Amino acid sequence: MRHGAHKTRKTEPSYRLFMQALFSSARSAHAGRGSHALRTVRAMQLADGGAVVGLDQAVADKLNEIVPQTRRSMREAACAAERKTTIMTSASLAALVGTAASAMAFANTENLDLAADDAATTTMQMRPVVAETSAAASRSQSRTPLNNEASSTVAQSEQASSSASTTDGTATTTVNEGTWQLADDSGTLDLGSVSKSIANNPVVASLMDTDYSLLPEGFDPNHATGENGNTYPWGQCTWYAYQRRTELGLPVGSYFGNAADWVDSARRFGYWVDSTARHVGDVVVFAPGQMGADSYYGHVAVIEKINEDGSIEVSESNAKGLGVISSRTFTAEQVKQLNYIHY
């Protein structure tokens with residue numbers, strides 16, 4: 001009795017041979033081309049007795065998917081995926097940048113009209129003008145040296161100056177030998193018109209120009225003034241003296257003390273103080289009891305006028321009552337007995 005295996009289809013060995021050849025060729029290091037490798041095709045031909053087996057494209061693609069990949073195939077697939085990712089990222093970034101640029105352009109549309117508002121510019125070409133008369137300017141390319149022109153001009157001037165026609169038609173010769181020199185009266189600089197003062201106060205600077213030769217040695221016109229507002233009791237002689245000096249633009253201290261103390265206080269600050277009445281605005285200082293001054297506090301006034309005979313006229317307060325502004329005149333002899341604060 002024969003074994004049942006003998007009835008197996010004769011095509012089984014060929015089928016097994018086909019599948020083994022197919023997968024062994026895919027695993028081979030020399031294959032790499034899936035079901036279309038040369039060894040695979042030959043195995044398929046042998047399995048069916050040498051007949052060429054034609055596979056549908058869909059079946060071939062499916063076989064390529066399930067057949068194990070070689071290392072080379074995996075590397076190529078990874079490189080292809082990386083290139084695809086890079087391309088997609090670059091495209092996305094470019095699209096994002098373009099969108100942002102478009103948004104900025106639309107947001108600043110007012111700047112887009114600058115070129116449209118620019119006025120048209122006309123270009124002109126200058127062409128030489130053809131002279132119609134002999135008096136027109138020359139456009140010749142030749143130029144006469146300046147030294148020749150100067151010599152010719154001087155010669156013509158000398159000729160015109162040296163000859164003139166008289167009424168009877170005869171010529172007379174004159175010679176002009178003038179010189180380019182300043183006259184004696186304009187050639188000297190007037191030093192008197194130049195300020196000699198370095199004072200910051202313009203009123204003081206003007207007075208110093210008059211007193212330049214009389215100033216004490218080493219006098220500083222920019223000394224400390226002690227000014228800090230009128231701090232003296234209202235209506236007193238000191239209150240009025242501060243107010244009047246300020247009106248005239250002259251410096252005066254705010255804390256000189258009683259009238260009898262003003263001379264010493266002014267000297268400590270650097271004021272010019274002496275016994276000569278010099279200018280309108282000088283402070284006149286009366287010692288206690290002098291010429292009707294208070295026997296304890298003394299008195300101060302301000303010069304309003306200096307007369308030719310040496311007498312002076314002053315304005316003052318509290319000589320006839322608190323806050324009462326009055327004036328008096330003192331003779332030249334009396335003037336010499338008083339002290340004066342200048343600036």
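Residues numbered from 1 in each chain as written. Predicted model: local features only at pLDDT ≥ 70, side-chain atom pairs only at ≥ 80, totals over all residues. Heavy atoms only, no water.

An unreviewed UniProt entry lists the chain under the name Amidase, with Bifidobacterium hapali given as the organism.

Colleague: Would you take a moment to explain the pattern of salt bridges for this structure?
Modeller: Across all of its chains, the model carries 4 salt bridges by this definition. The salt bridge involving E247 is made with R244; its shortest N-O contact spans 3.1 Å. Placement of the pair is E247 and R244 together in helix α8 (residues 237–247), with a separation of 3 residues, close to one helical turn. Taking relative accessible area as the criterion, R244 reaches 19% and is therefore assigned buried. A salt bridge links R328 to E316; the nearest nitrogen and oxygen atoms lie 2.6 Å apart. Of this pair, R328 sits in strand β7 (residues 325–330) while E316 is found in strand β6 (residues 312–317), placing the two residues 12 residues apart along the sequence. Among the residues examined, R328 registers a relative accessible area of 27% and is labelled partly exposed. Connected via shared salt-bridge partners are R244, E247 and E304. (Salt bridge = Lys/Arg side-chain N within 4 Å of Asp/Glu carboxyl O. Helix = DSSP H or I, 4+ residues; strand = E, 2+ residues; numbered from the N terminus. Buried < 20%, exposed > 50% of the residue type's maximum accessible area, 1.4 Å probe, protein only.)

Colleague: Even after reading the chapter, I still don't get helix α7 (residues 202–210), so can you show me in this structure?
Modeller: Since the α-helix packs 3.6 residues into each turn, any two residues three or four apart lie on the same face. Burial in α7 covers these residues: V204, A205, L207 and M208. Taken around the axis of α7, the buried residues stretch over an arc of 165°, which confines them to a single face. Turned more than 90 degrees off the buried face of α7, the exposed positions are P202 and T210. Put simply, N201 is the residue that caps the front of α7, since its side-chain oxygen is 2.9 Å from the backbone nitrogen of V203. (Arc of directions from axis to C-beta. Polar contact = N/O pair within 3.5 Å; in protein donor to acceptor, adjacent residues only side chain to side chain.)

Colleague: Explanation requested: unusual backbone geometry in the structure shown.
Modeller: Excluding glycine, residues mostly have negative phi values, and the peptide bonds linking residues are mostly trans. For M291, which is not glycine, the phi dihedral falls at a positive 50°. Tracing the sequence through the fold places M291 in the loop between β4 (283–286) and β5 (299–306). Taking relative accessible area as the criterion, M291 reaches 21% and is therefore assigned partly exposed. Even without being a glycine, N318 presents a positive backbone phi close to 70°. Summarising the element assignment, N318 is placed in the loop between β6 and β7.

Colleague: For this particular structure, what's the right way to read a nonpolar patch on the surface?
Modeller: A grouping of L93, L96 and V97 is seen on the molecular surface, where their side chains present a nonpolar patch of about 310 Å² in accessible area. Within the secondary structure, L93 sits in helix α4 (residues 71–107). Looking at L93, the relative accessible area reads 53%, which means it is exposed. (Patch = residues over 30% accessible without salt bridge, like charges linked within 9 Å, V, L, I, M, F, W, Y side chains within 5 Å. Areas by Shrake-Rupley, 256 points an atom, 1.4 Å probe, with all protein chains shown as cover.)

Colleague: Explanation requested: the nonpolar core in the structure shown.
Modeller: The nonpolar side chains of a soluble globular protein tend to be buried with one another. Ranked by internal contacts, the top residues of the largest apolar core, which has 19 residues, are F256, W262, V285, V300 and I341. Top element by residues in this core is α8. It accounts for 5 residues. Contacts of F256, omitting those with residues within four sequence positions, involve T225, Y232, D261, W262, S265, A266, F269 and Y271. In this structure, F286, A293, I303 and V314 belong to the second largest nonpolar core, which totals 12 residues. (Core = buried A, V, L, I, M, F, W, Y, C linked by side-chain atoms within 4.5 Å. Contact = heavy atoms within 4.5 Å.)

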